[in-house]
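# Breakdown of the fold
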Amino acid sequence: MSLIVPEFDESVVVRSAEAEVLGRAPTTVRLLADSSATGGALSTQRVTLADGANGANPHRHANSAELFYLLDGSAQLLSGEQVVTAERGDLVVVPPGVPHAFAAAPGEAADILIVITPGVERFEYFRHLERIAYGKVPPESLLEVQEIYDTYFLQSKVWEEART
């Protein structure tokens, strides 16, 4: 077992009004703290999904765990071969290597705090997703950056069934 010792010596304070916000309804992402700000300890963002909106398609991280904390609403989360419905105040932590995805539950909104640890520089990944959403780059361009962001896309029949 290895211990991650983050290397930063000042508290990280991100004011809500100062956070970079990407996207627009039904999906917005607030970039809170990237790995470089926390000495590699974590990266975190807040994702707000309206009315059953999709968050992230099935993927896995080889080296990081991902934590989902429901600030408000209801979300469906894929963790391995299980789809969990999480409600306000619920926590789901997905270990490295385990397929996962998330979306607002059908007919519901969700406000989710997401933490990845150890941290991976993720802000540019979310900016890349925004460029895809606005048609500036093709969706296939994500395949070229999977290793950079430790995000490997995959298929999940369980997830597809839960979301239809």
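Scoring rules and cut-offs
- Residues numbered from 1 in each chain as written.
- Predicted model: local features only at pLDDT ≥ 70, side-chain atom pairs only at ≥ 80, totals over all residues.
- Heavy atoms only, no water.
- Helix = DSSP H or I, 4+ residues; strand = E, 2+ residues; numbered from the N terminus.
- Rg over C-alpha atoms; globule rule 2.2 N^0.38 Å.
- Buried < 20%, exposed > 50% of the residue type's maximum accessible area, 1.4 Å probe, protein only.
- Contact = heavy atoms within 4.5 Å.
- Areas by Shrake-Rupley, 256 points an atom, 1.4 Å probe, with all protein chains shown as cover.
- Lys, Arg positive; Asp, Glu negative; His and termini not counted.
- Charge placed at Lys NZ, Arg CZ, Asp CG, Glu CD.
- 1 Å grid on protein atoms, 1.4 Å probe; cavity = no way out; pocket = protein on both sides within 12 Å on 5 of 7 lines; lining within 4 Å.
- Points joined across faces, edges and corners; volume = space filled by probe spheres on them.
- Nonpolar A, V, L, I, M, F, W, Y, C, P; charged D, E, K, R; others polar.

### As for the overall build of the protein chain
When helices and strands are tallied, the protein chain shows two helices and 10 strands. Of the regular secondary structure in the protein chain, the N- to C-terminal order runs β-β-β-β-β-β-β-β-β-α-β-α. Against the globule reference of 15 Å for 164 residues, the protein chain gives a C-alpha radius of gyration of 15 Å, in line with a compact fold. In terms of its C-alpha atoms, the protein chain occupies a principal-axis envelope of roughly 45 × 40 × 35 Å. Expressed as a percentage of the 164 residues in the protein chain, the buried residues total 40%. Pairs at least 24 residues apart make up 70% of the contacts formed inside the protein chain by residues separated by at least 6 positions. Summed over its atoms, the accessible surface of the protein chain is roughly 9,000 Å², and 52% of this surface lies on carbon and sulfur atoms. For the protein chain, the distance from the average site of its 12 positive side-chain charges to the average site of its 23 negative ones is 5 Å.

### Points about the layout of surface pockets
Here the largest pocket defines a volume of roughly 940 Å³. Every residue lining the largest pocket is counted, 38 residues in all, and those nearest its centre are N54, G55, A56, N57 and L129. Counting residues per element, the ones that place at least two in the lining of the largest pocket are strand 1 (20–24), strand 2 (27–33), strand 3 (43–49), strand 4 (54–60), helix 1 (123–133) and helix 2 (157–163). Looking at the lining of the largest pocket residue by residue, the classes come out as 22 nonpolar, nine polar and seven charged.

Spatial relationships are all this shows, so hold off on functional conclusions.
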